[in-house]
Amino acid sequence: MGEIINNVPELTQKQQIDIMKTFTQTYKTHLGVHPAIREAMCLKVQFPAIMLDIREGDLFAGRLETLPIGFAPQDDGGGVGYYMRENELMDMLAHSSMDPDSRTTVEELMNYWGTETTAYKVRHAYPHAMEKALPSDEWMTEPGIAFPLYRMSGSQLDYGKLLSNGIPGMLGLIEDNIASFLGDRDRLDLFMGMKMAMELLTDTCLHYRDRALKHQSEAPDGSWKRQLGVMAETLGNIAKGRPETFREAIQLVFIYCLLSGSNNFGRMDTYLADYYVNDVDSGIITEDEALELLAGMWKLMVVRGKTFDTRVIVGGKGRENEANADRFALLAMEASRIVKEPLPQMSLRFYQGMNPELMEKALSVIGEGRTYPILYNDDVNIPSVMKAFDVEYQEAVDYCPFGCGEYILNHKSFGTPSGVINLLKALEVTLHNGVDPVSGKNMGLALGDFSQFTDFDELFTAYKRQVEYHVEALAKQEELEYIIAGQEAAYLFFSMLFDDCMDRGKAIFSGGVRYLGGTLETYGNINTSDSLAAIKEVVYDKKFITQEQLLEALDADFVGYEDVQRLLSDVPKYGNDDEIADKMAVWVHEHVCNVTRNQRENTNLHSYLVVVINNHANTILGRTTAASADGRKAFTFMANANNPHSGRDTKGITAMLNSLVKLDTDIHAGAVQNMKFSGDLFLKMRDNLKALLKTYFENGGAQAMISVLDRNDLEDAYHHPENHPNLMVRVGGFSARFVELDRDVQLEILERTIY
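I will try to describe carefully the structure that is included in this document. Predicted, not measured: the structure shown is a model, and the values here were computed from it. (Residues numbered from 1 in each chain as written. Predicted model: local features only at pLDDT ≥ 70, side-chain atom pairs only at ≥ 80, totals over all residues. Heavy atoms only, no water.)

A short note on helix α1 (residues 13–29)
Worth spelling out the cut-off: Numbered from the N terminus, helices here are DSSP runs of H or I no shorter than four residues, and strands are runs of E no shorter than two. Take the number of residues in a helix, subtract one, and multiply by 1.5 Å to get its expected span. Under the scheme applied here, a residue whose accessible area is under 20% of the maximum for its type counts as buried, over 50% as exposed, and between as partly exposed, the area being computed with a 1.4 Å probe on protein chains only.
Helix length check: α1, at 17 residues, gives a terminal C-alpha distance of 24 Å against a target of 24 Å (1.5 Å per residue), a fit within 8%. Those residues of α1 not exposed but buried are Q16, I17, I19, M20, F23, T24, T26 and Y27.

Focus: the sheet that holds strand β9 (residues 345–350)
Definition in use: For two strands to pair, DSSP has to find at least two bridges joining them. Orientation is described by axes fitted as lines to C-alpha atoms, over the contacting stretch for helices, and by angles from 0 to 180 degrees between their N-to-C directions. Note on contacts: a residue pair is in contact if any heavy atoms of the two residues lie within 4.5 Å.
Read across the open sheet, the 5 strands follow the order β8-β9-β10-β18-β17; overall the sheet is mixed. Either end of the sheet is taken by a strand with one partner, and the two such strands are β8 (311–315) and β17 (674–677). The average angle at which neighbouring strand axes cross in this sheet is 30 degrees, direction not considered. Pairing between β17 and strand β18 (residues 703–708): 4 bridges, direction parallel. Looking at β18, one finds that M675 is bridged to I706. On the sheet, helix α13 (residues 322–338) packs against β8 and β9 and is oriented at approximately 145 degrees with respect to β9. Packed on one face of the sheet, helix α15 (residues 378–389) meets β9 and β10 (374–377) and runs near 60 degrees to β10.

Describing the nonpolar core
Put simply, the rule reads: Buried Ala, Val, Leu, Ile, Met, Phe, Trp, Tyr and Cys residues that are joined via side-chain atoms within 4.5 Å together make up what is termed a nonpolar core.
Residues F246, M268, L294, W298 and F328 are the most contacted members of the largest nonpolar core, which totals 250 residues. If you tally residues by element for this core, the top one is helix α18 (residues 456–488), at 14 residues. Apart from residues lying up to four places away in sequence, F246 is in contact with L272, Y275, Y276, D279, I285, A290, L293, L294, F328 and L331. Of all hydrophobic cores here, the second largest spans 14 residues; its members include A717, V731, F734 and A736.

Focus on the pattern of salt bridges
For the record, the criterion: The salt bridge definition used is simple: a Lys or Arg side-chain nitrogen within 4 Å of an Asp or Glu carboxyl oxygen.
Applying the stated criterion across every chain yields a total of 53 salt bridges. Measuring nitrogen to oxygen at the nearest pair gives 2.8 Å for the salt bridge that ties R319 to D326. Here R319 and D326 have matching classes, each one buried. The salt bridge partner of R648 is D530, with a shortest N-O separation of 3.8 Å. One end of the pair, R648, is in the loop between α26 (617–622) and α27 (653–660); the other, D530, is in helix α22 (residues 525–541), with 118 residues separating them in the sequence. The pair formed by R648 and D530 is uniform in burial state, with each residue classed as buried. Three or more residues are tied together by salt bridges with common partners; here these are R267, E395, D398, K412, D499, D500, R504 and R514.

A look at unusual backbone geometry
Look at the link from F47 to P48: it is a cis peptide, with omega at 0 degrees. Relative to the elements of secondary structure, P48 occurs in the loop between α2 (35–46) and β3 (51–52). For D390, which is not glycine, the phi torsion reads 60 degrees and is therefore positive. Within the element layout of this structure, D390 appears in the loop between α15 and α16 (393–396). D390 sits in the exposed class, given a relative accessible area of 51%.

A short note on the packing of aromatic side chains
Both the distance between ring centres and the angle between the ring planes are used here to describe each pair of aromatic rings. Operational definition: Classification of ring pairs uses Phe, Tyr and Trp, with its six-membered ring standing for Trp, and accepts pairs whose centres are within 6.5 Å; under 30 degrees between planes counts as stacked, over 60 as edge-to-face, and the remaining range as tilted.
This structure, assessed with the given rule, holds 37 aromatic pairs. Taking the centre distance of 5.5 Å and the plane angle of 50 degrees together, the rings of Y159 and Y271 count as tilted. Note that Y159 is positioned in helix α7 (residues 159–180) and Y271 in the loop between α10 (246–260) and α11 (273–281), a separation of 112 residues in sequence. According to the relative accessible area criterion, Y159 is buried, its value standing at 0%. According to the relative accessible area criterion, Y271 is buried, its value standing at 7%. Their ring planes at 75 degrees and their centres at 5.1 Å tell us that Y491 and F509 sit as a pair that is edge-to-face. Here Y491 is found in the loop between α18 and α19 (492–496), whereas its partner F509 is found in helix α21 (residues 508–512), with 18 residues between them in sequence. Here Y491 matches F509 in class, with each residue buried. Ring pairing ties together the aromatic residues F23, Y27, F71, Y82, Y112, W113, F414, Y482, Y491, F494, F498 and F509, which thus form one cluster.

These figures capture arrangement, not role.
Here it is as structure tokens:
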């Protein structure tokens, strides 16, 4: 494993290359066997070789170092399944100190995986029409309307099943299925792969047990030596039996999560609460010790660094032992209060009649400057999920937010967001008759010269056709990605903990999962509606300027056309409870949501739904989007999800919230509502704040992501970051330290209205 420095091992470059070489040889050797067997054999090379050692202070084992070549459902480099991060391999080759044999090996690996990764196979299976509609994968750097993403994101595993069975029980379930399918080669191979995966989980636990014992033998007497002994015992226990304690349950869940490649932890109070309550009430641990253990889990989540994911859900309807679950939810929120980090993305589901102590705790934690918990309104979301996903109450009640705010049905459905559409770029290209003014390239549909659209309806119809063309391509791409993913691998650790897979004897993406759906990330929604409203008023209704003059101003980025920019900017904007502006936002919202939802008729997906989320893509996509008719300058950020464009909500918080609730929540799979409050309002006027939020949620508010900030602190952090190293902000669907964000992302956050 390499030398340990400060108890933190790092894989040397030579070790990394050797692991990748063996991984590749194993993959090649098993090309002709069942994908589940090939995957299991490759995973045996990957684990525990990439698991990093225990670090002093860790309460649990579980660190890893992903390599530039490997297998993962969602690789950070943008791959799915068998992946390669070419840029990291190029960085390796750039070091002159690399020995000739290693250099040759890396070059051979790059050459082989260049056409063998799962993402490559997806891309090269595109039919001509899809290739034409989705010409680029480089959504972060190249101008474009729509982009595919390659990932199997958003898994929510049934950790309750894992804990109730333990490793031996899971192996027993697999053995039963092997006996049942002796005459079915395909199913038999799947379960043999699952068996190998569970044995690998056992081996990883024992690997860490041995590491803990070795460190214990070398450590001086003291608390760390004792902690290593407890850790070794815990790891040995879960390797051979069902977890019996809170500590053992946490350890098993965390190691399984790492091996699976899942980035989320689902409804944690449904599977950890009883362990916690039983241990505390029986005197095995104290409340303080339980908090320390959960905080230790939180800290390892931070180390793992899955910033856009790492969801932990507590609260809400549908929990079997609500009293125990509520106690755990309070503990989890306290852990997020004392662990002052961007992760995990603690989320509280709530409903009328729930224990009020949970909401009080949530508001107190948020008021201290944490950006968690994120608040989800079950009274709105459950009926919305029922309609959007077309499922019954008993399944909708188990909805789970993941990633940056998408919804999924807890270990019953899959809905990876594998597509991005920039609605503002779609309008921009439509205005330029199919040409992107930034790159000068033909893009999308040429639907006629803007100057020939005699009324607003013609323009809006053309814009909608542009969007529909790209949504249809992205839906087909999503379906194709699942097909290729299922052909390439069984995603064994997912398949074992998703409903129906084992019962059906099918891998998750090969007919195993109950509901196979998809989600589409939309950006620029509000800038698009504000732009359309401005064009309608300034060009068509009041005829202040002509179509030609508008295009000239946009193409000049308003330089020399400041009067046109003022005209456009003065048109009422969404976020102020203005009937005309909000009506246009509703039109844009309903169109993209409904046309996306209708794609289930054109594919074999159970659902295909919009997610109006935000990470920092509003800023990234804005960097390649020209000036827009809402008065926005070229290459600057766009509005954050369904929120008003930063600073344009000028009529107060009530007006802003009234605008938000006009956008239907039952035709999509999640939307992000970011809100910034001053400390004075949040802390000194708590009753007023609670009344405000109560009204918002009763009026249909589905969700709230709240940051409590002082504008002076934000401005000072922008200019003097060294003074504010730990200032936490809600970016979009994730939180981050303000000083670690790109400057244009900081500026977008700074310009948001603080109430």
